[in-house]
Amino acid sequence: GQSLEQPSEVTAVEGAIVQINCTYQTSGFYGLSWYQQHDGGAPTFLSYNALDGLEETGRFSSFLSRSDSYGYLLLQELQMKDSASYFCAVEMTNAGKSTFGDGTTLTVKP
Amino acid sequence: DTGVSQDPRHKITKRGQNVTFRCDPISEHNRLYWYRQTLGQGPEFLTYFQNEAQLEKSRLLSDRFSAERPKGSFSTLEIQRTEQGDSAMYLCASRRGMGANYGYTFGSGTRLTVV
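Here's a quick rundown of the structure. (Residues numbered from 1 in each chain as written. Chains lettered and ligands numbered in written order. Predicted model: local features only at pLDDT ≥ 70, side-chain atom pairs only at ≥ 80, totals over all residues. Heavy atoms only, no water.)

1. A closer look at the nonpolar core
Among the nonpolar cores identified, the biggest contains 23 residues, and Leu-32, Trp-34, Leu-75, Tyr-86 and Leu-106 of chain A are the most heavily contacted of them. Residue contacts for Leu-106 of chain A: discarding those within four places in its chain leaves Val-10, Val-18, Leu-75, Leu-78, Asp-82, Ser-83, Ala-84 and Tyr-86 of chain A. Membership of the second largest hydrophobic core comes to 19 residues, among which are Trp-34, Phe-49, Leu-77 and Val-114 of chain B. (Core = buried A, V, L, I, M, F, W, Y, C linked by side-chain atoms within 4.5 Å. Buried < 20%, exposed > 50% of the residue type's maximum accessible area, 1.4 Å probe, protein only. Contact = heavy atoms within 4.5 Å.)

Here it is as structure tokens:
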């Protein structure tokens with residue numbers, strides 16, 4: 001079967017750094033993506049890793065270790081607007097279906 | 001780029017009724033996906049198309065669910081004989097390119113409530 005594990009909740013203060021981990025066990029693996037979803041909104045794409053290592057996009061970075069079946073999303077200089085749910089998603093094939101985790105709810109406090 | 005449009009935004013239906021949802025993807029995106037999301041969970045894959053061809057359908061999907069994408073443009077998702085367990089947000093998404101590095105652009109979803 002397919003399983004992705006993420007912490008259900010994370011709390012941090014404005015300006016801090018937070019890391020959201022994701023471990024996966026899937027029958028196929030092409031890459032790992034991350035999405036942000038605000039309450040009542042649609043998921044929006046943040047980043048994608050196909051190879052081991054760190055990808056940086058502004059305040060957000062994403063890391064992948066294929067050998068450990070593990071990745072994380074790193075959010076720096078947290079802002080109140082970063083309060084949202086964050087989902088990791090395994091890309092099963094190249095641009096085919098994805099398997100999503102159940103998400104991590106991030107609460108940023110002043 | 002007008003985004004992915006879904007209609008209706010909300011649908012309340014009685015158990016046993018049929019419902020149909022529509023999705024208009026971004027015009028230059030040739031892959032279109034349907035996902036379902038319930039509260040506290042991530043999106044769950046239902047099916048996807050490349051142009052008008054349905055390439056994969058989830059084994060979790062019963063025969064009551066059918067999707068079409070005539071002419072490779074908009075898509076419809078029909079649920080027949082709805083059940084209370086079908087209550088969820090139905091999300092449509094498209095991808096700009098053929099690679100997984102092109103993330104999904106999701107629509108705002110259709111929230112289905114079966115009473």
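2. Here we look at the sheet that holds strand 3 (residues 18-25) of chain A
Residue and element names in this part refer to chain A. In spatial order, the strands read 1-3-8-7-6; together these five strands make up an open sheet with antiparallel pairing. Two strands in the sheet have a free side with no partner beyond their single neighbour: strand 1 (3-5) and strand 6 (53-57). Adjacent strand axes in the sheet meet at a mean angle of 15 degrees when their direction is disregarded. (Pairing = 2+ DSSP bridges. Helix = DSSP H or I, 4+ residues; strand = E, 2+ residues; numbered from the N terminus. Axes fitted to C-alpha atoms, helices over the stretch in contact; angles between N-to-C directions.)

3. Section: the packing of aromatic side chains
Within a pair of aromatic rings, the relevant descriptors are the distance that separates the centres and the angle that separates the planes. All told, the structure shown has 19 aromatic pairs over all chains when counted by the stated rule. For the pair Phe-100 of chain A and Tyr-35 of chain B, a centre-to-centre distance of 5.5 Å together with 80 degrees between the ring planes defines the contact as edge-to-face. With one member in each of two chains, Phe-100 of chain A in strand 10 (residues 98-100) and Tyr-35 of chain B in strand 4 (residues 31-37) form a pair that bridges those chains. Per residue, the accessibility class of Phe-100 of chain A equals that of Tyr-35 of chain B, and both read buried. Here the basic side chain of Arg-95 of chain B rests over the ring of Tyr-104 of chain B, its NZ or CZ set 4.1 Å away from the ring centre. (Phe/Tyr/Trp six-rings, centres within 6.5 Å; stacked < 30°, edge-to-face > 60°. Lys NZ or Arg CZ within 6 Å of the ring centre and 35° of its normal.)

4. Section: the sheet that holds strand 1 (residues 5-7) of chain B
Residues and elements named next belong to chain B. Taken in spatial order, the four strands make up an open sheet running 1-3-8-7, and their pairing is antiparallel. Both edges of this open sheet fall to strand 1 and strand 7 (65-68), since each of them pairs with a single strand only. Within this sheet the neighbouring strands show an average axis-to-axis angle of 15 degrees, counted without direction. Pairing analysis gives four bridges linking strand 7 to strand 8 (residues 75-79), with the strands arranged antiparallel. Bridged to Phe-65 within strand 8 is Ile-79.

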